[in-house]
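Letter by letter, the chains look like this.
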Amino acid sequence: MQVFLQTFIGGMSLGAIYALVALGFSLVFRTMGLVNFSHGNVVMIGAYLASTFYLSTKLPFALAMALAIGGTGLIGVIIERVLRPLENKDFDLMLIGTIGFGIVLEAVAIIIWGATGNAVPNPVPTGPLEVLGLRIRTYDLVVLAIATAAAVLLVFFLQSTKRGAAMQAVAMDHEAATAVGIHVGRSNAIAFMLGAGLAALAGGLVGPLLYVNPTMGGALGIKGFAAAILGGFGSIPGAIVGGFAIGVLDAFTAGHFQGYSELVTFLVFTVVIMIRPTGIFGERTVNRA
Amino acid sequence: MFSSLRRRAAVMLLGLALPVALAACSAPGGDQGDSNKTDGPIKIALVDAQSGQLSSLGAWELKGARLAIDEWNAAGGINGRQIELGVFDDQGDPTVGTNLARKIASEGYIAMIGTAESAVTIAMAPILRESKIPNITSGQSPGLVAVKSPFLFLNGPTSVTYDETLAKYIVDTKGLKNIAMITNNGGYGKGEHDAFTKSLQARGVKPIEDQVVTADQKDFSAALTTIRQKNPQVIFIGAEEVQSGLIVKQARDLGITVPFAGAAPQGTPVFADTAGTANVEGTIVSSPYLSNEVSEASKKFAAAYKAKFNEDAEMHGAKAYDGTQILLNALKTSNVATGQALADAIRATKYAGLLGDFAFDDTGVGIFATRIGTIQGGKLVAAG
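Analysis parameters
Residues numbered from 1 in each chain as written. Chains lettered and ligands numbered in written order. Predicted model: local features only at pLDDT ≥ 70, side-chain atom pairs only at ≥ 80, totals over all residues. Helix = DSSP H or I, 4+ residues; strand = E, 2+ residues; numbered from the N terminus. Buried ≥ 20, exposed ≤ 12 C-beta atoms within 10 Å, placed from the backbone. Pairing = 2+ DSSP bridges. Contact = placed C-beta atoms within 7 Å.

Residue and element names in this part refer to chain B. When you line up the elements, Val-294 lands in the loop between strand E10 (284-287) and helix H11 (296-309). With 17 C-beta atoms packed within 10 Å, Val-294 lands in the partly exposed category. For the pair Val-294 and Leu-354, spaced 60 residues apart in sequence, the C-alpha separation works out to 8.9 Å.

Shown next, in the form of structure tokens:
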């Protein structure tokens, strides 16, 4: 029982990170119908920016995170701006464009920070809490709290602000949205910026849990993408549930199948997707193919 | 509509494959040239991970090899010919490695330094053997010996030596019998797992817990909680630097206080940084190169290393330096031979290196001893 609960807790912490990555994927997809393949690399850039500000300039962790989110948000805007001429014309080229940006971001990271990477010390110095024989890292609680707050803020923005409503309208029908005076390009830019900001949040938070290096985006990107698909691609609650599901699933398969855990995780994922091709929440807001 | 969807799926697939393909072709290399030339620079390839999670190994190895080659070049090269080092990035990926093996063969490199990853070296070995290119690797998996290539040499001991020394210290010297193991299922981790289990078996000790993780796993809660419940006296780790660091960090968070034990990766600064300096205190390390202070030669090497790269030398750089020195000595004694003759010359080379006295046997292993150190106050010191 103790192993079961401890495994669950371990899975939740990485699950929160996957959920944040999945949110970024889903946000851009529901707004533009585009899979942003550079998303994992933006996570990596976010992790580097946050850790650099935190370690080199000795800024408080929260401030370093805020700067990283701002920096990657800017990268998101730039990516959207470059791809904008293709919007609603050629999605294949846009997809390849995002892959290209991913490769560029990785190369830039190697040029700036080198290929080796660095470890980030835990910004929350207090030791783990002990509850009924279970050990809960205080930093995990911070990660969970921040991820929850980010998800709530995002839902609030989409549901209750004018700009958010405009983005929802673009997601449903971009021509009708244009007809009522919504700037589709700006709406897309905001989606990309928020997506990149979420990526930086995920990257910054995962830094102290893992090891920051230029290729860390690959594994996080794939798990986050799988989480978004599992929850229902384009669905905001789906991304959150999918993220935690992948994190916890991963933790349990690691415990039971040891060396074959990765295989089992993706087998389960495949079976779920075969049974429910639209994912858990089954929402499909856009289909512009 | 339907065909367009399908087209998109095809593009997505292409998209996933593209970075891999691009990366595979984009390895930096030296210029084209013919093999068997008797003038112009002597071309030696260094193949290692220069990117990815194992790139610190590649960076250290490059520095060690570069230092040795620059020393020889400064002294006039070999037979008046300069030595040229071509650097290739295998990304720690065996598939990329096999492509690079063909590439260095076609570009006229006569010998190869690297790789530091056993799995990649094992994948490259058949092609290098076919092309008759001698290879001095920094890998230590017993699997390297098992491929039985006469062109493959190790610049250090194998896991068998590391783990036999470690088991001897833990079981015989310290009398610890409750030992738990956590290893990954990659080339290195598998080798460590098998070698350490065998050494324990020979002493009649059975590990009380044997957890296997995947090579890119990040969360070890399940494995570590299971280990904690068994109350071991010491935990053996068989995983690379970063993963070992993550395991130790998470173990301390889960309330595991007993020391960890392992081979070379546990003696590196990357391991200590990833885990946190306080968390690695007391770690037992089996290594052929405990510190830069062990001998006059190592002090000289460490000073030159520091002067050139402005960082402290460590074991992997020292291993690569030894390996490269052996290759260059063999090239000198054989009058820049290639192929089989060069392999024979390497096998015949007796070299007093930083790790000890090298004398190669038929398996390509030249050194059969490691020493035990423990991490104290953030530094690796010899265990008394």
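From this point, things continue past the structure.
Residues and elements named next belong to chain B. By the bridge criterion, four bridges tie E10 to strand E13 (residues 371-376) in an arrangement that is antiparallel. The partner of Ile-284 across the bridge, within E13, is Thr-374. Taken together, the four bridges between E13 and strand E14 (residues 379-382) define a ladder with antiparallel strand orientation. Residue pairing in the sheet places Gln-376 in a bridge with Lys-379 of E14. Here E13 folds back onto E14 in antiparallel fashion, the turn holding two residues, of which Gly-377 has a positive phi close to 60 degrees.

Attention now moves to unusual backbone geometry. Glycine aside, residues mostly have negative phi, and peptide bonds are mostly found in the trans state. All names here are of chain B. A cis geometry characterises the amide bond from Gly-114 onward to Thr-115, with omega recorded as -5 degrees. By the secondary structure assignment, Thr-115 is in the loop between strand E3 (111-114) and helix H4 (118-130). Of note in the backbone geometry, Lys-148 takes a positive phi value of approximately 50 degrees without being a glycine. As for its position among the elements, Lys-148 is in the loop between helix H5 (142-146) and strand E5 (152-154). Judged by local crowding, Lys-148 falls into the exposed class, with 12 C-beta atoms found within 10 Å.

Quoted interface sizes are often the accessible area lost when the parts come together. Contact with chain A, which involves 39 residues of that partner, is made by 41 residues of chain B. When residues of the side of chain A that touches chain B are traced back to their parent elements, those giving at least two are helix H1 (2-32), helix H4 (91-113), helix H10 (236-257) and helix H11 (261-275) of chain A. Among the elements that make up the side of chain A that touches chain B, the one with the highest residue count is H1 of chain A (eight residues).

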